[in-house]
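An overview of the molecular structure
Residues per chain, in single letters:
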Amino acid sequence: MLRRITDNSPYSVRTNFNLRLAALCIAVMALLGLFALRASSQTVAPTTAPVSRTTKAINYGRKGTTLKILFHGTDLMQQATGEAKVENKGNRVEIEAKFEGFEEATKFGLEYLTYVLWAVSPQGRAVNLGEVQIKNGQAQVKAISDLQNFGMIVTAEPYFAVTQPGDTVVSENSLDAVTGGETIEARYELLARGVYSSSNTKIENAIFGIDRKTPVELFEARNAVRIARNAGAEKYAGPSLTKAAQQLASAEDLYRQKRDKKSVTAAARDSVQTAEEARVIAVKQKAEEVAQAKAAADKAAAEAREAKAHQDAADEMKRRTDAEQARQAAETAKAEAERLRAEAEKSAADAARAKEEAEKARAAALADQQAALEQKRLAQAEAEKASADAARAKEDADKARAAAARAESEKAELRAQLLGQLNAVLQTQDSARGLIVNMSDVLFDTGSYTLKPATREKLAKISGIVLAHPGLILQIEGHTDSVGSDDFNQRLSQQRAGSVLDFLAEQGVPASSMSSHGYGKTQPVASNDSADGRQKNRRVELVVNGEAIGGAAASASSSR
């Protein structure tokens, strides 16, 4: 008999399964590649794509030639001007440049500390010619280059030893009154500004600290180590980063010991160069990891596509074979029917046998109908189960929201409880910044930052309360009235805040959960025209925050 091929045949089911399996393999390979790329990118701070720019090149190829080159400011610093004397010595080109009208590099962001003069070849290769240190808007630079045909630009940079120019181009040479110039056709690449900034590091504290009289070379060293860490040097260039940090620490020690400026500068410049090496290594190795992960993902996807193509070809061949077999079976069945009809006409017995076979066929059809009804019943049951699962999922979501609401309520109750406990020791108020515990001036001797015994007793109670609530964060802020010089008030407020921090640390409060800062007379809470107002202004405030009590604007004090 002829076998009918339907969508429920074993072959059709197997084909659909193979197609789904191939699609699943492709999706899995793509996900693995994506995860590898994400894992690689999460090891360092985010970077931005490089940008391109063109400038003018001048031919200095004739030996003994001396040309005077003019510089003009870009849109970033239009008032900047300069000139350079460029002399070809045969095996080298000597450059002596002077600049005027330059502003401090920090105007473009705290991560920028200096300027660098670059030579750019017509092929787009940029060479660091030297640092342009600005003093009263002026600078002078002498440099040597082995290039014969190049343009010159000046960029704002985080330190002197950068190996690729950033996109903050403030000045470039012009072709005015110069022969032999040509436009560079190939663009040179610039690092986008976001490479040196960071959302994870407070740049002002990381670079400048408290003492802004520090030599700029030390600022550059701090900046170079910060940038290397952001680039992932801890993972990809650990020894170099460690060496740079050690060199920075040595420079810091020399500065604190008030050693001569040359020693401090030399140590700081060594740290900058080592940190730049670490950053370059990290950037290259991260790029290699990303490329390898992408290549692996592309290879896996290609293999999956090839496997699917092979499976599709095999399935197509199987379909053709089955179709041919079905056609042959149909022809055979037709011949058999002709023979049966001839036999039926000859014999009543054959006719009876044909009738019996028809009855069997009807029974088979009935059985098929029953099977279809059973499949429908199973499908309905599965649909009802899916609906029940959706209802349970909704119930689980409602429970989760209720749990979140309870957690917030518990935080509010704990905050109120902590406010009452702190208020029982020292005057405490709740604010958007957190719970503010106020320590008045009477807790210190006049002009002193030594804690009185009564103060120690109250702070001991405060430490006990803090230790009873793990996870709290303390910001200790010192304030003074307007009597006395700014320097004295600033130092006294910092010393008083530091005394409170040191005592709390002695009582067991983790130092990692505390910070101190002195604001001097800059944040009065009352008028300094009266004794009562000045007394209120002489205070130390403990700002208590933490996730356990609902959190707060943890950086509010640093932004005030």
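Before reading on, note that the structure itself is shown above.
Counting from 1, residues in each chain are numbered in the order their sequence is written. Local features are withheld for residues below a pLDDT of 70 in this predicted model, meaning they are given only at 70 or higher, and side-chain atom pairs are given and counted only at 80 or more; totals for whole chains, interfaces and linings count all residues. Excluded from the side-chain calculations are hydrogens and water; all other atoms, namely the structure's heavy atoms, are used.

Each regular strand shows side chains that alternate between the opposite faces of the sheet. Two strands are said to pair when DSSP picks up at least two bridges between them. Secondary structure counts use DSSP, requiring at least four H or I residues in a row for a helix and at least two E residues in a row for a strand, with both numbered from the N terminus. The pairing of strand β6 (residues 114–120) with strand β7 (residues 126–132) spans six bridges and is classified as antiparallel. Paired with Ala119 across the strands is Val127, a residue of β7. Between β6 and β7, which follow one another and run antiparallel, lie five residues, and Gly124 among them has a positive phi close to 95 degrees.

Turning our attention to the packing of aromatic side chains. Each aromatic ring pair is summarised here by two numbers: the centre-to-centre distance and the angle between the ring planes. Ring geometry is summarised as follows: Phe, Tyr and Trp rings, the Trp one being its six-membered ring, pair when their centres sit within 6.5 Å, and such pairs are stacked at plane angles under 30 degrees, edge-to-face over 60 and tilted between the two. Counted by the stated rule, this structure contains four aromatic pairs. Here Phe71 and Phe99 contribute two aromatic rings whose centre-to-centre distance is 5.1 Å and whose plane-to-plane angle is 70 degrees, an arrangement assigned as edge-to-face. Taken together, the residues span a long stretch of sequence, with Phe71 in strand β3 (residues 66–73) and Phe99 in strand β5 (residues 93–100) at a distance of 28 residues. Here the two residues Phe71 and Phe99 agree in accessibility, since each one is buried. Here the aromatic rings of Phe102 and Tyr115 are separated by 5.2 Å at their centres, their planes lie at 85 degrees, and the arrangement is edge-to-face. A residue pair is termed long-range when its members are at least 10 positions apart, and Phe102 in the loop between β5 and β6 and Tyr115 in strand β6 qualify at 13 residues. Buried means the residue's accessible area, taken with a 1.4 Å probe over protein chains only, is under 20% of the maximum for its type, while exposed means over 50%, and partly exposed covers the values in between.

This next bit is on the packing of helix α6 (residues 261–346) against helix α7 (residues 348–423). Contact geometry of α6 with α7 gives a least axis separation of 5 Å together with a crossing angle of 130 degrees. One element, α6, and the other, α7, form an angle in the oblique class. Taken together, the residues of α7 that come into contact with α6 (itself represented by Glu343, Ala344 and Lys346) are Ala348, Asp350, Ala351 and Arg353. Residue composition of the contact of α6 with α7, grouped by class: three nonpolar, no polar and four charged. Simply put, an axis is a line fit to the C-alpha atoms, just over the touching stretch for a helix, and the angle between two N-to-C directions goes from 0 to 180 degrees. Any angle that falls under 35 degrees is termed roughly parallel, while one over 145 is termed roughly antiparallel, one within 65 to 115 roughly perpendicular, and all others oblique. In this analysis, two residues are considered to be in contact whenever any of their non-hydrogen atoms come within 4.5 Å of each other. Side-chain classes follow a simple rule in which Ala, Val, Leu, Ile, Met, Phe, Trp, Tyr, Cys and Pro form the nonpolar group, Asp, Glu, Lys and Arg form the charged group, and the remainder, Gly included, forms the polar group.

Once that is clear, we can look at helix α8 (residues 453–467). In this scheme, a helix's expected span is set at 1.5 Å multiplied by one less than its residue total. The terminal C-alpha atoms of α8, which comprises 15 residues, lie 21 Å apart, in line with the 21 Å expected from a rise of 1.5 Å per residue. Within α8, the full set of buried residues consists of Thr455, Leu459, Ile462, Ser463, Ile465 and Val466. Down the axis of α8, the sector holding all buried residues measures 160 degrees, keeping them to one side. Looking at the buried positions of α8, the neighbouring elements they touch are α7, β14 (434–440), β15 (473–479), α9 (486–506) and β17 (539–545). Arc definition: it is the arc formed by the directions from the helix axis to the C-beta atoms.

Moving on, we get to the sheet that holds β15. In space, the five strands of this open sheet follow the order β13-β14-β17-β15-β16, with mixed pairing throughout. At either margin of the open sheet sits one strand with a lone partner, and together these are β13 (428–431) and β16 (514–518). In this sheet, adjacent strand axes meet at a mean angle of 20 degrees when their direction is disregarded. In this sheet, β16 lies alongside β15 in parallel orientation, the contact comprising five bridges. Counted as the bridge partner of Leu474 is Met514 from β16.

Our next topic: the side chain of Asp481. Among the secondary structure elements, Asp481 is positioned in the loop between β15 and α9. Here Asp481 falls in the buried class, since its relative accessible area comes to 7%. In terms of polar contacts, Asp481 uses its side chain to reach the side chain of Arg538, at 2.7 Å. The contact partners of Asp481, leaving out residues within four places of it in the chain, are Asn489, Lys521, Asn528, Arg534, Asn537 and Arg538. Here a polar contact is recorded for every N or O atom pair within 3.5 Å, except that within protein the pair must consist of a potential hydrogen donor and a potential acceptor, and residues adjacent in sequence are included only if both atoms are side-chain atoms.

Before going further, it helps to spend a moment on the pattern of salt bridges. Between Lys or Arg on one side and Asp or Glu on the other, a salt bridge is scored when a side-chain nitrogen of the former is within 4 Å of a carboxyl oxygen of the latter. Using the criterion set out here, one finds 37 salt bridges in the structure. Residue Asp430 is joined to Arg415 by a salt bridge in which the shortest nitrogen-to-oxygen separation is 2.9 Å. Linking Asp430 in strand β13 with Arg415 in helix α7, this pair joins segments that are 15 residues apart in sequence. Overall, Asp430 belongs to the partly exposed group, its relative accessible area being 42%. Within the structure, one salt-bridge network assembled from shared partners comprises Glu336, Arg339, Glu343 and Arg353.

Right, let's get into the environment of Ala412. Positionally, Ala412 belongs in helix α7. Along the primary structure Ala412 and Ile549 are separated by 137 residues, whereas in three dimensions their C-alpha atoms are 6.2 Å apart.

To continue, consider the environment of Val132. With respect to the helices and strands, the residue Val132 is situated in strand β7. With relative accessibility at 0%, the residue Val132 sits in the buried group. For the pair Val132 and Tyr115, spaced 17 residues apart in sequence, the C-alpha to C-alpha distance is 4.9 Å. Setting aside residues up to four positions removed in sequence, Val132 forms contacts with Phe99, Thr114, Tyr115, Val116, Leu117, Ala139 and Val141.

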